[in-house]
Amino acid sequence: MTAEWETADDYSSYLRLDLILDAQRPLSEHHDEMLFIVVHQATELWMKLIIHEVEYAQRNVAADELGPAVKALARVVRTFEVMTWHWQVLSTMTPADYLMFRSRLGSASGLQSVQYRAIEILFGRRRPSILRRHPPDERAYLHRLSDRPSLYDEVVALLGRRGFEVGPVAWGKVEPRVVDAWLTVYRDPDSHWDLYELGEKLLDVEHAFSRWRFEHFQTVRRIIGRKRGTGGTSGLDYLRRAVDHVYFPELWEVRTRL
Ligand code: HEM
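Residues numbered from 1 in each chain as written. Predicted model: local features only at pLDDT ≥ 70, side-chain atom pairs only at ≥ 80, totals over all residues. Heavy atoms only, no water.

Caption draft 1: Spotlight on helix 8 (residues 151–161). When we look at burial in helix 8, the residues that qualify are L151, Y152, E154, V155, V156, L158 and L159. On its buried side, helix 8 packs onto helix 3 (33–62), helix 4 (66–90), helix 6 (114–123), helix 9 (176–187), helix 10 (193–224) and helix 12 (249–257). (Buried < 20%, exposed > 50% of the residue type's maximum accessible area, 1.4 Å probe, protein only. Helix = DSSP H or I, 4+ residues; strand = E, 2+ residues; numbered from the N terminus. Contact = heavy atoms within 4.5 Å.)

Rendered as structure tokens:
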């Protein structure tokens, strides 16, 4: 039975460093493989925090508690910024260094990152075909997540509760009534301050995430050029399209319409 409150034994056991620091297992003898593994793992840890914060923000939006939601999203922005700096470390690896161990990766690719897909789904992206690449337990988790409203769905529902006439948003489409609602908010921020703040924070999230994707694209470009990805996509062309994705299109459209 767990005590009413548990206290840590010591630093290493509290942080489970036995597991974390034992998880770097290069498959080759090549010096730079450690860098490659650590940057991926660090990014996965930050993504774990992002999921935690986005789910918290989403619950708070659903409960009309916008203060805590905005605070959590501000942390998500900072976390993406830290993730983006990781590319600086990884880009010290030259194409020749990477080629020394690339073949050891087989078909392993960031394309199979379940947490990355979860973040996309939480932001509202629905792309069932890509989920086929995951093993059944991960696929089941991602399908469950896809069946729930996304963060942006909750934001649109909130606009509805505030009296705006909005229809549900669909991935890849700009919903005109949602644009109109944001237009009203952005034309008179003082009357809708909390929605205005939430809209801007969502755009900060989108902007920070796109900077991570752009730096991924540039790092890939300098390390493998136009080679195909280990995950089997065209590589750079695939990633260029990923850079161009927008998750909250109505918030971008509003910039043009104002
Ligand atoms: C040498 C460094 C890297 C190279 C050459 C590289 C290359 C690629 C390529 C070519 C793709 C397209 C899919 C494929 O065909 O494999 C991809 C996707 C991806 N990579 Fe990387 N990558 C690198 C580092 C990283 C790191 C450090 C992360 C952090 C977790 C990461 C996360 C991802 C994710 C999440 C995707 C899927 C993106 C999407 O579906 O939109 N990659 N990568």
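Caption draft 2: Examining helix 7 (residues 136–147) more closely. Between the first and last C-alpha of helix 7 there are 16 Å, a value that for twelve residues agrees with the 16 Å anticipated at 1.5 Å per step. Every buried residue belonging to helix 7 is among L142, L145 and S146, and all of these are buried. Each buried residue of helix 7 sits inside an arc of 100° when the element is viewed along its axis, so together they form one side. Seen from the buried face of helix 7, the exposed residues on the opposite side, beyond 90 degrees, are P136, D137, R144 and D147. Among the structural elements, helix 3 and helix 6 are those in contact with the buried residues of helix 7. (Expected span 1.5 Å × (residues − 1). Arc of directions from axis to C-beta.)

Caption draft 3: Representation of the coordination of the iron atom of the ligand. Exactly one donor from the protein chain reaches the iron atom of the ligand: H216 (NE2), at 2.2 Å. With respect to the secondary-structure elements, H216 resides in helix 10. (Donors = N, O, S within 2.8 Å, 3.2 Å for Na, K, Ca; no water.)

Caption draft 4: Summary view of the pattern of salt bridges. Overall, the coordinates contain 16 salt bridges when judged by the stated rule. Residues R127 and E120 are paired through a salt bridge, measuring 3.8 Å at the closest nitrogen-oxygen approach. With a closest N to O distance of 3.3 Å, R240 and D237 form a salt bridge. Of this pair, R240 and D237 are both found in helix 11 (residues 236–244), three residues apart, which corresponds to roughly one turn of the helix. Accessibility expressed as a relative area gives 37% for R240, which makes it partly exposed. One network of salt bridges, in which partners are shared, links R117, E120, R125 and R127. (Salt bridge = Lys/Arg side-chain N within 4 Å of Asp/Glu carboxyl O.)

Caption draft 5: Spotlight on the nonpolar core. Of all hydrophobic cores here, the largest spans 70 residues; its most connected members are F80, F123, Y152 and W182. Those residues within four positions of Y152 in sequence are excluded, and the remaining contacts are L122, F123, V169, V178, W182, L202, Y247, F248, E250 and L251. (Core = buried A, V, L, I, M, F, W, Y, C linked by side-chain atoms within 4.5 Å.)

Caption draft 6: Fine view of the site of the ligand. Taken together, the neighbourhood of the ligand is formed by 28 residues, with S109, R117, H216, T233 and Y238 sitting nearest. In this structure, H216 approaches the ligand through a side-chain N or O atom, which is 3.0 Å from a nitrogen atom. G231 places a polar main-chain atom, nitrogen or oxygen, 2.8 Å from an oxygen atom of the ligand. Among the elements that take part in the shell around the ligand, helix 10 stands out by supplying five residues, more than any other. (Near = heavy atom within 4 Å. Polar contact = N/O pair within 3.5 Å; in protein donor to acceptor, adjacent residues only side chain to side chain.)

Caption draft 7: Spotlight on the side chain of T43. Examined against the element boundaries, T43 turns out to sit in helix 3. A distance of 2.7 Å separates the side chain of T43 from the backbone oxygen of V39, its partner in a polar contact. For T43, the contacting residues outside a window of four places in its chain are M83, H86 and W212.

Caption draft 8: Structural detail: a nonpolar patch on the surface. A contiguous nonpolar surface patch, about 410 Å² in accessible area, is contributed by L19, I20, L21 and L45. Residue position: I20 is located in helix 2 (residues 17–20). A relative accessible area of 38% means that I20 is categorised as partly exposed. (Patch = residues over 30% accessible without salt bridge, like charges linked within 9 Å, V, L, I, M, F, W, Y side chains within 5 Å. Areas by Shrake-Rupley, 256 points an atom, 1.4 Å probe, with all protein chains shown as cover.)

Caption draft 9: Region of interest: the packing of aromatic side chains. Tallying each qualifying case throughout the model produces 17 aromatic pairs. Plain terms: the ring middles of F123 and F248 are 5.7 Å apart, the flat faces sit at 70° to each other, and that makes the pair edge-to-face. With a gap of 125 residues between them, F123 in helix 6 and F248 in the loop between helix 11 and helix 12 connect regions that are remote in the sequence. When the centroid spacing of 5.8 Å and the interplanar angle of 50° are considered together, the rings of W171 and Y247 count as tilted. Taken together, the positions of W171 in the loop between helix 8 and helix 9 and Y247 in the loop between helix 11 and helix 12 put the pair 76 residues apart, joining distant regions of the chain. Under the relative-accessibility criterion, W171 is labelled partly exposed at 30%. One aromatic cluster is present, formed by F80, W87, Y116, F123, Y152, W171, F209, W212, Y247 and F248 through successive ring pairs. The cationic tip of R213 hangs over the ring face of F209; the distance from NZ or CZ to the ring centre is 4.5 Å. (Phe/Tyr/Trp six-rings, centres within 6.5 Å; stacked < 30°, edge-to-face > 60°. Lys NZ or Arg CZ within 6 Å of the ring centre and 35° of its normal.)

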